[in-house]
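# Remarks on the overall topology
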Number of protein chains: 2
Amino acid sequence: MTELLSDTGRETMLAPLFEAGWKMVEGRDAITKTYEFANFVEAFGFMTRAALWAEKWDHHPEWFNVYKTVEVTLSTHDVGGLSSLDAKLARKMDQLAG
Amino acid sequence: MTELLSDTGRETMLAPLFEAGWKMVEGRDAITKTYEFANFVEAFGFMTRAALWAEKWDHHPEWFNVYKTVEVTLSTHDVGGLSSLDAKLARKMDQLAG
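Residues numbered from 1 in each chain as written. Chains lettered and ligands numbered in written order. Predicted model: local features only at pLDDT ≥ 70, side-chain atom pairs only at ≥ 80, totals over all residues. Heavy atoms only, no water.

By the naming in an unreviewed UniProt entry, chain A goes by Putative pterin-4-alpha-carbinolamine dehydratase and is assigned to Rhodosalinus halophilus. Regarding chain A, the UniProt comment filed under Catalytic activity (unreviewed entry) reads as follows: "(4aS,6R)-4a-hydroxy-L-erythro-5,6,7,8-tetrahydrobiopterin = (6R)-L-erythro-6,7-dihydrobiopterin + H2O". Regarding chain A, the relevant UniProt record gives this comment under Sequence similarities (unreviewed entry): "Belongs to the pterin-4-alpha-carbinolamine dehydratase family." (UniProt positions renumbered as here; feature names shortened; annotations may be inferred.)

### Focus on the overall build of chain A
Secondary structure summary: chain A contains three helices and four strands in total. Starting at the N terminus, the α and β elements of chain A follow one another as α-β-β-α-β-β-α. Here the C-alpha atoms of chain A give a radius of gyration of 13 Å, agreeing with the 13 Å that 2.2 N^0.38 yields for 98 residues. Based on the C-alpha atoms only, the size of chain A along its principal axes is roughly 40 × 25 × 25 Å. Within chain A, the proportion of its 98 residues that are buried is 46%. Taking contacts inside chain A between residues at least 6 apart in sequence as the whole, the part at least 24 apart equals 64%. Of the roughly 5200 Å² that chain A leaves accessible, carbon and sulfur atoms contribute 52%. Across chain A, the centroid of the 10 positively charged side chains sits 7 Å from that of the 15 negatively charged ones. (Helix = DSSP H or I, 4+ residues; strand = E, 2+ residues; numbered from the N terminus. Rg over C-alpha atoms; globule rule 2.2 N^0.38 Å. Buried < 20%, exposed > 50% of the residue type's maximum accessible area, 1.4 Å probe, protein only. Contact = heavy atoms within 4.5 Å. Areas by Shrake-Rupley, 256 points an atom, 1.4 Å probe, with all protein chains shown as cover. Lys, Arg positive; Asp, Glu negative; His and termini not counted. Charge placed at Lys NZ, Arg CZ, Asp CG, Glu CD.)

### What about the pairing of strand β4 (residues 69-74) of chain B?
Residue and element names in this part refer to chain B. By the criterion of burial, β4 is predominantly enclosed, with five of the six residues buried. The pairing of strand β2 (residues 31-36) with β4 spans six bridges and is classified as antiparallel. If you follow Thr32 over to β4, its bridge partner there is Thr73. Where strand β3 (residues 62-66) lies against β4, five bridges are found, and the strand directions are antiparallel. Counterpart to Glu62 in the pairing with β4 is Thr73. Between β3 and β4, which pair antiparallel in sequence order, lie two residues; one of them, Tyr67, sits at a positive phi of approximately 50°. (Pairing = 2+ DSSP bridges.)

### Section: the relation of the copies chain B and chain A
What connects the two chain copies is a rotation about an axis and a shift along it. Rotating chain B by 180° about the axis while translating it 0.0 Å along that axis superimposes it on chain A, leaving an RMSD of 0.0 Å. The superposition of one copy onto the other is thereby described by a two-fold rotation axis. Considering only C-alpha atoms, the part of chain B nearest the rotation axis is Phe64 of chain B, at 2.1 Å. (Least-squares fit on C-alpha atoms with pLDDT ≥ 70 in both.)

### Observations regarding the environment of Trp63 of chain A
Here Trp63 of chain A is to be found in strand β3 (residues 62-66). For the pair Trp63 of chain A and Thr12 of chain A, spaced 51 residues apart in sequence, the C-alpha separation works out to 25 Å. Look past the residues within four positions of Trp63 of chain A in its chain and what remains in contact with it is Met47, Ala50, Ala51, Val70, Glu71, Val72 and Met93 of chain A together with Phe40, Phe44, Trp63, Phe64 and Asn65 of chain B.

### Side note on the pattern of salt bridges
Within this structure, the stated rule accounts for six salt bridges over all chains. One salt bridge connects Asp94 of chain A with Lys33 of chain A, and the closest N-O pair in it is separated by 2.8 Å. Within this pair, whereas Asp94 of chain A is found in helix α3 (residues 84-97), its partner Lys33 of chain A is found in strand β2 (residues 31-36), the two being separated by 61 residues in sequence. By relative accessible area, Asp94 of chain A is classed as buried at 19%. Here Arg10 of chain B makes a salt bridge to Asp29 of chain B, at a shortest N to O gap of 2.9 Å. Taken together, the residues span a long stretch of sequence, with Arg10 of chain B in helix α1 (residues 7-19) and Asp29 of chain B in the loop between β1 (23-24) and β2 at a distance of 19 residues. (Salt bridge = Lys/Arg side-chain N within 4 Å of Asp/Glu carboxyl O.)

Next up, the structure:
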């Protein structure tokens, strides 16, 4: 079952993400990161790879793209905030963008 | 050369887009439309098709996706407003989403 991250879960799972450039969204239990790529093909290529994982895990990002920039926000709507699924997708996205 | 739409160009090219659900963006010379699909696969499938045309025409959208919704904004940064490229991409997107 998906559930809100506990205090311990937050320390364990979110701390490494914050070090990797993720930030809390102001006024929302969600994390965000802005990726910059070399061009649109690289940016959309990243989105395509991430989309396949998102669909596979049935956990989808909110994301905004303009040219070579992709701004991602992750939160778990079913539980009204951050769950381990967000941490998992965030790690995967960092890997795919890397 | 890409240039700002003239008054005549606006009447000719934008009127049919407004009828198709496009709207002017408040405070910006740009048009926007929100597409709703059946699910994420359909929404991202649309984005992928549109991305290929955008890259081919070297004219890229600003777009936001969350699950089955895709919010598109079109404007031509090089000319600081709407050009015929925006109308062309808008028509293509409507066709791809249809």
